[in-house]
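If you want the building blocks of each chain, they are given just below.
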Amino acid sequence: MSQTTLNSRQRWLRPLLICTGVVLTLLLLVVPLVFIFVAAFSAGIGGVWRNLAEPDMLHAIGLTLLVAGLTVPINLVFGTLIAWCVTRFSFPGRRLLLTLIDIPFAVSPVVAGLLYLLLYGSNGPFASLLDQHDVQLMFAWPGLVMVTVFVSCPFVVRELVPLMSTLGTEQEEAAVLLGASGWQVFWHITLPNIRWALLYGVILTNARAVGEFGAVSVVSGTIRGQTNTLPLHIELLQQDYNTAGAFIAAALLTLIAIATLVVKAFLQWKLARQE
Amino acid sequence: MTFYRSNNSKRVLPGFGISLGSSLFFISLVILLPITGLVVQTAELSWAQYWAIISDPRVVASYKVTASAAAVASIFNLFFGLLMAWILTRYRFPGRVLLDGLMDLPFALPTAVAGLTLAAVFSTQGWFGQYLALWDIKVSYAWLGIVVAMTFTSVPFVVRTVQPVLEEFGPEYEEASAALGASPLQTFFKVILPEIKPALLTGTALSFTRSLGEFGAVIFIAGNLPWQTEVTSLMIFVRLQEFDYAAAAAIASVVLLVSLVLLFIINGMQQRYQHITGGPK
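J.: Any chance you could explain the overall build of chain B here in plain terms?
T.: When its secondary structure is counted, chain B shows 15 helices and zero strands. Each principal axis of the C-alpha atoms in chain B carries an extent, and together these give about 75 × 65 × 30 Å. Out of the 281 residues belonging to chain B, those deemed buried represent 47%. The long-range fraction of contacts in chain B, counting pairs at least 24 apart against all pairs at least 6 apart in sequence, stands at 78%.

J.: Hey, could you run me through the overall build of chain A in this one?
T.: Looking only at helices and strands, one finds 14 helices and zero strands in chain A. The secondary structure elements of chain A, listed N-terminal to C-terminal, are α-α-α-α-α-α-α-α-α-α-α-α-α-α. Expressed as lengths along the three principal axes of its C-alpha atoms, the size of chain A is roughly 65 × 60 × 30 Å. For chain A, buried positions account for 47% of its 275 residues. Within chain A, counting contacts between residues at least 6 apart in sequence, those at least 24 apart form 76% of the total.

J.: Help me understand the interface of chain B and chain A, please; the structure alone is not making it clear to me.
T.: Size of an interface, as often reported, equals the accessible area lost when the parts are brought together. Listed as interface residues are 76 residues of chain B and, on the opposing side, 85 residues of chain A. In terms of residues, the side of chain B that touches chain A owes the most to one element, helix H2 (residues 16–43) of chain B, which gives 15 residues. Here the side of chain B that touches chain A is composed, by residue class, of 54 nonpolar, 17 polar and five charged.

J.: What is the right way to look at the domain arrangement of chain B in this model?
T.: With domains assigned, chain B is organised as domain 1 (10–43) and domain 2 (46–277). Inter-centroid distance (C-alpha atoms) of domain 1 of chain B to domain 2 of chain B is 30 Å.

J.: What is the right way to read the packing of helix H4 (residues 55–88) of chain A against helix H8 (residues 141–152) of chain A from this model?
T.: Helix-helix packing is described using two parameters, namely the angle between the two axes and the distance between the axes. All names here are of chain A. Relative orientation of the contacting elements H4 and H8 amounts to 50°, with a least axis distance of 9 Å. Relative to H8, the element H4 is oriented oblique. Both H4 and H8 take part in a crossing whose hand is right-handed. Here Leu63, Leu66, Val67, Leu70, Thr71, Ile74 and Asn75 of H4 come into contact with H8, specifically with Trp141, Leu144, Val145, Thr148, Val149 and Ser152. Classifying every residue of the contact of H4 with H8 by side-chain character gives nine nonpolar, four polar and no charged.

J.: I would appreciate a short explanation of unusual backbone geometry in the present structure.
T.: Residues other than glycine predominantly adopt negative phi, and peptide bonds predominantly adopt the trans conformation. Residues and elements named next belong to chain A. The residue Phe139 is not glycine, and still its phi comes out positive at about 55°. For Phe139, the position within the fold is in the loop between helix H7 (127–132) and H8. When the 17 C-beta atoms within 10 Å are taken as the criterion, Phe139 is described as partly exposed.

J.: Help me understand the confidence of the model for chain B in this model?
T.: Should the pLDDT be low somewhere, the predicted coordinates at that spot are not to be read in detail. Residues and elements named next belong to chain B. Per-residue confidence for chain B gives a mean pLDDT of 88, with 93% of residues at or over 70. Segment residues 1–9: pLDDT under 50, and seven contacts once partners within four positions in sequence are set aside and those in other chains are kept. For this predicted complex, the interface confidence score (ipTM) comes to 0.87, while the overall pTM stands at 0.89.

J.: Could you clarify how one ought to interpret the environment of Val157(A) in this entry?
T.: Residues and elements named next belong to chain A. Structurally, the position occupied by Val157 is in helix H9 (residues 154–167). In the structure, Val157 is positioned 93 residues away from Ala250 in sequence and 29 Å away in space, judged by C-alpha atoms. Excluding anything up to four places from it in sequence, Val157 contacts Gly79, Ile82, Ala83 and Ile101.

Criteria and cut-off values
- For every chain, the first residue of the written sequence is number 1, and numbering continues from 1 along that sequence.
- Ligands are numbered from 1 and chains lettered from A, in the order in which they are written.
- Reporting of local features is limited, given that this is a predicted model, to residues whose pLDDT is at least 70; pairs of side-chain atoms are given and counted only at 80 or more, and all residues count toward the totals for whole chains, interfaces and linings.
- Working definition: helices are DSSP H or I runs of at least four residues, strands are E runs of at least two. Numbering for both runs from the N terminus.
- Counting other C-beta atoms within 10 Å of each residue's C-beta, where C-beta atoms are placed from the backbone, gives the exposure class: buried for 20 or more, exposed for 12 or fewer, partly exposed between.
- This entry defines residue contacts through backbone-placed C-beta atoms, with two residues in contact when those atoms are within 7 Å.
- Here the term charged refers only to Asp, Glu, Lys and Arg, the term nonpolar to Ala, Val, Leu, Ile, Met, Phe, Trp, Tyr, Cys and Pro, and the term polar to all other amino acids, Gly among them.
- What fixes the domain bounds is an automatic or database domain assignment.
- Here the axes come from fitting lines to C-alpha atoms, over the contacting stretch only for helices, and the angles between their N-to-C directions go from 0 to 180 degrees.
- Angle categories: roughly parallel below 35 degrees, roughly antiparallel above 145, roughly perpendicular from 65 to 115, and oblique for all the rest.
- Two helices that cross are described as forming a left-handed crossing if the nearer one is turned anticlockwise from the farther one by less than a right angle, and a right-handed crossing if clockwise.
- For every residue, the predictor reports its confidence as pLDDT, a number between 0 and 100.

Printed below as a string of structure tokens:
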């Protein structure tokens, strides 16, 4: 153990650093986390129940699940294809492709929303085409899905690329030489190797999809009972001075966040064992 | 793309065409096309109009608020992240695994929840705010609130970039340094810091980039007073609500350009320390 070899001058350092880190984490992360649930339950169990049963709240929950339910499969499929492409083949522009897929992480969510609003909104180049077919993308649920796909698309790629690079291609090549089809290779060789990392990417995508605020607030128009996701509903409730209601919605999202962290810890443990 | 296939004889695995095709399709449709839309929209403005919009005094005030708050937040996270990465990799103590897991909370927690909660905790009646009020420190609905929100949402960056490097680096070097009579400070500055510097800088730059664009957490706590606590993301939003799409696009183009430049710098820096952690992260 490293501690035993430290000389006596350094002995005070360890407890000092640990205490500072723990205290700062408590103040910065844990206290706010506890406060969410204290504030949510300030209305009492009955209040929590009443707020949850509000039609607008139920609609916001449903819409949030719909958006996440569509975003996750889209990013799962395309994320896997992109990861396959950049780790299994070398071609000019490979690095550029990896940088491009990172753009959504660097772009401000409000800018992301605006990009889509300008393109598919009533002033955009597709306005007349969309009008002719009576399709409304912006200020409607398809727009919410589109921007959510944008902001959360790097997660699956980012989890898969390092793992698939490390795994190498020997097993897959052997399978091909033995006559396996492309689908058989993926299903029987690649997928079992990457499943935990893939699930990890899905969990992160889902967390972001459920909680996205900036991008969806630009394209949603926050129409109550129509285009209001749970994070947007928090803002509306707070503007209505229904603080307890806002914190109840926040507590729901926090539960999802905590579940995400627990699953994440489990998957990281699985991944570490795999390596 | 068949051209590339012919010059690579090692390509045994199937699916190059379909995976490259769908990757290009997805990236073009989801990422590149919308960015082109912004460029086209901005190009409709004359240079003078564009300059007038992006150098509007209220917008310039928002650049200053955003950049200064993001700088303070990422400098705090530089030190905090380094401390956390250090104690999580070098020490074993009860609760370490829980502490490690907690570091990801800001990424898992929706930003609106973070903003709502921090605003309440730091308000003058809040758990922290009531004590800070005794010293006349106002956090919620002030510039400091923006710093707090940005700090919270970008906590994991430095921790998660420095941690793998420290793990890989191992404590042997510090032990050798201490055994040879170096003080803890000497060991830190001469042995540890040079090795983790690229990762530390990358994490700080990521934290800064994220803070520049942060919106959800900030608007709940900032109070959003023109000239004082308006961030640039909010300025875009304000212009949109005025249906001034051209102005919104012009301001967004500035934000987008800054974040793309930062992204390319960060990607360059990451390549510099990948030899330590082995492979792209």
